[in-house]
Amino acid sequence: MWTFTEDVEAFAANAWPFLLADPVANTVALTVLTGVRTGMDMPGAYFGWWTADGQVRGAVFRTPPHQLGMARMPLEAVTPLIESLHAHGRDIPAVGGPLHQVEEFVAHWPSDVAHIRSERLYELRELRVPAVPGHGRVARAEEFGLLVSWYQGFQEDAGLPPTDVVPQVERRLGLGDFVLWEHDGAPVSLAAVSVSVGGVCRIGPVYTPPSCRRRGFGAAVTAFASQSDRAERKVLFTDLSNPTSNAIYQSIGYEPVADYASVSFDG
């Protein structure tokens, strides 16, 4: 049975232990939930959890205009999820989550697929710091404009729908999430480190402007971010259509965990 609510605390009371049981696979759900619970403004956000045999065994969330996010769930929960979304009149422009769950959702959702983004979740095993000229540091308040520009650049490169990144950059800058790789006195690459939840933090986004690419700066800033003491375990997502970034992350010690996908629908 699926239960939906717009009350983040009601969702947390029911789904938090389930999500924490696998903090790597559920990293996105956990960080979004933590953000909303600590004051991140997300008008229209709603959450759902799947109960079977008296236990929570799945969860979803949506923070418009972003996609419906799927945490881990059994495949048999997907069709009832779609039925419940229809019953509540929920419009779903896109969905993302573990690959097989997203495939099951797409197979039963009555809209044509507009775009598919194939992703892979990696976890850091043993960090190998590359020898790259420059040094890492925490981003400064006066670099806000640069961070906004590079955040937008990341969205464009990733083919993500354009959104107003200013509030997110403001919040993450205030939390000290952003780190930069600096070379010859100027920033050349960006990475962010999420809040730790369940002993796991996520690296991303990672962005290097076109003029600074193919010089190792992306690997260097990712390795620097991966030395964060926020959590013992570090994870990140990659776009599987970009073999360069996948090779870079593996070269510094990240190993594949599972495949994910994000799918947008026509209309």
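Figured I'd write up the structure that's included with this text.

Thresholds applied
All chains use their own residue numbering, which begins from 1 and follows the written sequence. It should be noted that, the model being predicted, local features are given only for residues of pLDDT at least 70 and side-chain atom pairs only at 80 or more, the latter also being counted only at that level, while totals for whole chains, interfaces and linings use all residues. Think of the side-chain values as coming from all heavy atoms in the structure, minus any hydrogens and water. Two strands are said to pair when DSSP picks up at least two bridges between them. Only DSSP runs of H or I reaching four residues or more are called helices, and only runs of E reaching two or more are called strands; each is numbered from the N terminus. For every element, the axis is a line fit to its C-alpha atoms; helices are fit only across the contacting stretch, and the angle between N-to-C directions ranges from 0 to 180 degrees. Contacts: residue pairs with any heavy atoms within 4.5 Å of one another. What is meant by a nonpolar core is a set of buried Ala, Val, Leu, Ile, Met, Phe, Trp, Tyr and Cys residues, joined one to another through side-chain atoms within 4.5 Å. Burial status follows relative accessibility: with a 1.4 Å probe on protein chains alone, a residue under 20% of its type maximum counts as buried, one over 50% as exposed, and anything between as partly exposed.

If you walk across this open sheet you meet the 12 strands as β1-β2-β3-β4-β5-β12-β6-β11-β10-β9-β8-β7, and the pairing is mixed. Here the strands that pair on one side only, and so sit at the sheet edges, are β1 (2–5) and β7 (135–138). Strand-to-strand twist in this sheet, taken as the mean axis angle between neighbours without regard to direction, amounts to 25 degrees. Here six bridges tie strand β8 (residues 178–183) to strand β9 (residues 186–193), and the two strands are oriented antiparallel to one another. Paired with H183 across the bridge in β9 is A186. Across the sheet, helix α5 (residues 144–158) is in contact with β6 (113–124), β8, β9 and β10 (200–207); its angle to β10 comes to roughly 90 degrees.

Our next topic: the environment of N242. Tracing the backbone shows N242 in the loop between β11 (233–239) and α8 (243–251). Separated by 123 residues in the primary sequence, N242 and E119 place their C-alpha atoms 9.7 Å from one another.

Counting 23 residues, the largest nonpolar core has W181, A191, I203 and Y254 as its most contacted members. Of all elements in the fold, only β6, β8, β9, β10 and α7 (217–225) reach the threshold of two or more residues within this core. Considering every element that reaches this core, the biggest residue donor is α7, with six residues. Leaving out residues up to four positions away in the same chain, A191 has contacts with D177, F178, V179, I203, P205, V206, V221 and A225. Counting residues in hydrophobic clusters, the runner-up holds 22 residues, among them W2, Y46, W50 and V60.

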